[in-house]
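Remarks on the overall topology
In case you want the letters, here they are:
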Amino acid sequence: MAITLNSGFKMPIIGLGVWRMEGKDIKDLLLNAIKIGYRHFDCAADYQNEVEVGEALTEAFKTGLVKREDLFITTKLWNSDHGHVVEACKASLKKLQLDYLDLFLIHFPIATKHTGIGTTASALDKDGVLEIDTTVSLESTWHAMEETVSMGLVRSIGISNYDIFLTADCLAYSKIKPAVNQIETHPYFQRESLVKFCQKHGIAVTAHTPLGGSVANTEWFGSVSCLDDPDFKALADKYKKSVAQVVLRWGIQRNTIIIPKSSKQERLEENFKVFDFELTNEDMEFIKSKDRKYRTNNPAKFWGLDLYA
């Protein structure tokens, strides 16, 4: 299954996120994922593993496991490179060993102190607070993103972690409309207004953290996952599926693209098996009632300030 973007390109509705994947494990994980059927991989300069992803992709191409045109590869511009968009894009392409990106996203709607192309350590001031660069506007960053399309480096461009205000503003000043807004959304953080606003204006929504972060976010942010909710366990029993499969299926039936992350073979297989059942309208409405407006991924822990305040 795929969603047709406003750029005309098709984006697989399920992908594999490579956040927090260890470099030494990536090759086997990605090759196994391709064998399972994954054709969409979500990367970022900030994940610091583009080189390893590129090595895995190159092996997949050379061995005939898959062709480049069969894959959809996303990566993201880091905050410190807002004033160096084209150079950052080329750096990511070099690491990924690709001639073009299927999708290039602005990772966060904030420009920070430049620390060198592709270096993603967040510069902090003497008080441990993120050094925000107030001389670089999101509009100028977006126009540089548009340039990557005209140069043939990128097929589609988009935004990430944008709210309704910023998304509406981007629509107003853009020559090439954002094809995607990648946001945290899951049953505990449904963000229905933002999702519907994007879809109304032709922007596809990708759900990062579609399972509420599970163990990864619990470790980093102390958050609670919907996977432990007894109501979801009851739904899983009803459909003879895992809780994760039910939650991912809910995301698909909202017409959002889902990019669950896993480093375990059995989970990779399980997360991909979500096309052989459908949640009833009643169960979709029940899950809608479970919204807690609960963000699980909050980088304030690392930046010394809450950008969502």
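Keep in mind that what you see is a predicted model, and the values were worked out from it rather than measured.

A closer look at helix H2 (residues 50-62)
- In this model, H2 (13 residues) spans 18 Å end to end at C-alpha, consistent with the 18 Å of a helix rising 1.5 Å per residue.
- Of the residues making up H2, those classed as buried are Glu50, Val53, Gly54, Ala56, Leu57, Thr58 and Ala60.
- Two residues or fewer after H2 comes Gly64, characterised by a positive phi angle close to 80°.

Details of the pattern of salt bridges
- All chains considered together, the criterion is met by twelve salt bridges.
- Put simply, Asp127 and Lys126 hold a salt bridge, and the shortest N to O gap is 3.6 Å. When sorted by exposure, Asp127 lands in the same class as Lys126, which is exposed.
- With a closest N to O distance of 3.8 Å, Lys196 and Glu192 form a salt bridge. Note that Lys196 and Glu192 are positioned in helix H6 (residues 192-200) at a spacing of four residues, about one turn of the helix.
- Judged by relative accessible area, which is 26%, Glu192 ranks as partly exposed.
- Taken together, the shared-partner salt bridges in this structure form one network comprising Glu192, Lys196 and Arg254.

Concerning the environment of Cys226
- Mapped onto the fold, Cys226 is located in the loop between helix H7 (214-221) and helix H8 (230-239).
- Spatially, the C-alpha atom of Cys226 lies 7.1 Å from that of Leu211, the residues being 15 residues apart in sequence.
- Those residues in contact with Cys226 that lie beyond four places of it in its chain are Pro187, Tyr188, Leu211, Phe232, Val243 and Val247.

What counts as what
Residues numbered from 1 in each chain as written. Predicted model: local features only at pLDDT ≥ 70, side-chain atom pairs only at ≥ 80, totals over all residues. Heavy atoms only, no water. Helix = DSSP H or I, 4+ residues; strand = E, 2+ residues; numbered from the N terminus. Expected span 1.5 Å × (residues − 1). Buried < 20%, exposed > 50% of the residue type's maximum accessible area, 1.4 Å probe, protein only. Salt bridge = Lys/Arg side-chain N within 4 Å of Asp/Glu carboxyl O. Contact = heavy atoms within 4.5 Å.

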